[in-house]
Amino acid sequence: MVEGLERLGRARELAALALAASPSDGLLHGLGDRLSRVFTVARPDLAADVAEQVFGPLRRLERAERAELLTTLAAWLDHGGSTRRAGEALYCHRNTVLNRLRRLERLTGRSPADPRDMVDLALALDAEGVVAPPAPGL
């Protein structure tokens, strides 16, 4: 709800950002559901810089290997950091997920175990537009 006409313009701007940042899953999402995605929509220039700084070393990899690492990271994040559930979504063993995350850490210099590094990885992933595969059975 907007209180006062003077706030209507800002409310419309925020609604447009929320809509642009929402995944196309048919569900209702709010602006605060994925603020990192809102950032990438609102400031694509900065988001591109973050992606380049974080994933720059991955750009030297073959496209398939790069996609595999980023999709693994996306699945791991979307499954709350569970290597087992990410592995199920990717149809691979949890140790494969762990190995890919370690390779990603070696290449980027950012550890998924470090909260600040995790912010960088998540922002860069949103900027790249990588989406995890749906969970099996969906």
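Residues numbered from 1 in each chain as written. Predicted model: local features only at pLDDT ≥ 70, side-chain atom pairs only at ≥ 80, totals over all residues. Heavy atoms only, no water.

S.K.: Where do I start with the overall build of the protein chain in this structure?
M.R.: Secondary structure assignment for the protein chain yields 7 helices and 0 strands. Listed by position from the N terminus, the elements making up the protein chain come as α-α-α-α-α-α-α. Across the 138 residues that make up the protein chain, the buried fraction comes to 33%. Partitioning the contacts of the protein chain with sequence separation of at least 6, the portion at a separation of at least 24 is 57%. (Helix = DSSP H or I, 4+ residues; strand = E, 2+ residues; numbered from the N terminus. Buried < 20%, exposed > 50% of the residue type's maximum accessible area, 1.4 Å probe, protein only. Contact = heavy atoms within 4.5 Å.)

S.K.: What is the right way to read the nonpolar core from this model?
M.R.: Proteins that are soluble and globular tend to have nonpolar side chains buried together. Counting 20 residues, the largest nonpolar core has Phe55, Leu73, Trp76, Leu104 and Leu121 as its most contacted members. When residues of this core are traced back to their parent elements, those giving at least two are α3 (44–55), α4 (63–78), α5 (83–90), α6 (94–108) and α7 (115–128). Tallying contributions element by element places α4 first for this core, with 6 residues. If sequence neighbours within four positions are ignored, Leu73 has contacts with Phe55, Leu101, Leu104, Met118, Leu121 and Leu125. (Core = buried A, V, L, I, M, F, W, Y, C linked by side-chain atoms within 4.5 Å.)

S.K.: Which parts of the structure should I look at to understand the side chain of Thr40?
M.R.: Looking at the element boundaries, Thr40 is found in helix α2 (residues 35–42). When its relative accessible area of 12% is taken as the criterion, Thr40 is described as buried.

S.K.: Help me out: how do you make sense of the pattern of salt bridges in this one?
M.R.: Oppositely charged side chains can form a pair if their charged atoms are brought close together. One pass over the full model with this rule turns up 8 salt bridges. With its nearest N and O atoms 2.7 Å apart, the salt bridge here joins Glu52 to Arg59. According to the relative accessible area criterion, Glu52 is partly exposed, its value standing at 41%. Look at Arg59 and you get partly exposed, because its relative accessible area is 35%. One salt bridge connects Arg66 with Glu128, and the closest N-O pair in it is separated by 2.4 Å. (Salt bridge = Lys/Arg side-chain N within 4 Å of Asp/Glu carboxyl O.)

So yeah, pure geometry; function would need other evidence.
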